[in-house]
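Residue-level listing of the chains:
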Amino acid sequence: LSMSATFFRQFDEMDAELTPYRQLWSTALSFHQAYSTWVKGHILTLDGEQISRDHAEMLELFSTLTTRLEADGADEPMRFAQSILQQLERFGMHVPVVRALSDKNLRAGHWAQISSIVGFQLSGENLTNLTNLIELSVMSKDKVAQLAAVAEHADAEARAEATLAEIAGAFDAMALVVADAPKKPDKAAGEAKQAATTKSAAAKKKKLHADLRKLAA
């Protein structure tokens, strides 16, 4: 090749200088597409955890781009990046709302608590999108915190229910093992002990099932 090493070095430097502009235009497009889904998509179809991660990444990127473009004296791109950064900052207070209301562990009792918090009847059936929700209710920091607490409680109940179900399954397996164990008719004491163990396992299983029903209520 006839091109010198200096040329390639200059090319790399120019490419580095253009990087923030490429990031700005590509991420701006991604933001506008995502933002439309965030505010207009049905909340129950959204992934609140993923939105939280995407929002945090975009917030960090546009903050960095705004600072970099301002330092470069690129006023127009800087103002464009800054406008998106401001949108992201305003949306930030709604991220916990989306995370809470899109929680798949919410049940009737949780929706009743949520309705009390927002001030009107709300459920998985009549919930629409974030834009409509904001129009219907003033989301103060206190309300947002309460919604987040309801979702956290729903998640804790779901984890407890899963644990109880796992324990109940273990007791079922243990009861089968005990029931299938070879009996020794000439040892009445052994049979009595076996019967007592089976009865105890059955009682524990019954209690666990009752606990599960209470959690599911």
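Model, not experiment: these values are computed from the prediction.

Asker: Looking at this structure, I do not really get the overall build of the chain. What am I missing?
Answerer: Of regular secondary structure, the chain possesses eight helices and zero strands. Across the chain, helices and strands are ordered from the amino to the carboxyl terminus as α-α-α-α-α-α-α-α. Across the 217 residues in the chain, those meeting the buried criterion constitute 30%. Here the contacts in the chain between residues at least 6 apart in sequence split such that 74% fall between residues at least 24 apart. Put simply, the chain shows about 13600 Å² of open surface, and 58% of that area lies on carbon and sulfur atoms.

Asker: When you look at helix α5 (residues 108–118) in this model, what are you seeing that I'm missing?
Answerer: In an α-helix there are 3.6 residues to a turn, and that puts residues three or four apart on one side. Listed in full, the buried residues belonging to α5 are H110, W111, I114, S115, I117 and V118. Buried residues of α5, viewed axially, fall in a sector of 160°; they line one side. When the buried face of α5 is taken as reference, the exposed residues oriented beyond 90 degrees from it are A108 and S116. Directly after α5, the chain includes G119, whose backbone phi takes a positive value near 95°.

Asker: Looking at this structure, I do not really get helix α2 (residues 48–71). What am I missing?
Answerer: Look at α2: 35 Å from first C-alpha to last across 24 residues, which is about the 34 Å you get at 1.5 Å a residue. Of all the positions in α2, only G48, I51, S52, H55, M58, F62, L65, T66 and L69 are classed as buried. Measuring from the backbone nitrogen of E49 back to the side-chain oxygen at the start of α2 gives 3.2 Å, which picks out D47 as the cap. Phi turns positive, to about 75°, at G73, one or two residues after α2.

The rules behind these values
Residues numbered from 1 in each chain as written. Predicted model: local features only at pLDDT ≥ 70, side-chain atom pairs only at ≥ 80, totals over all residues. Heavy atoms only, no water. Helix = DSSP H or I, 4+ residues; strand = E, 2+ residues; numbered from the N terminus. Buried < 20%, exposed > 50% of the residue type's maximum accessible area, 1.4 Å probe, protein only. Contact = heavy atoms within 4.5 Å. Areas by Shrake-Rupley, 256 points an atom, 1.4 Å probe, with all protein chains shown as cover. Arc of directions from axis to C-beta. Expected span 1.5 Å × (residues − 1). Polar contact = N/O pair within 3.5 Å; in protein donor to acceptor, adjacent residues only side chain to side chain.

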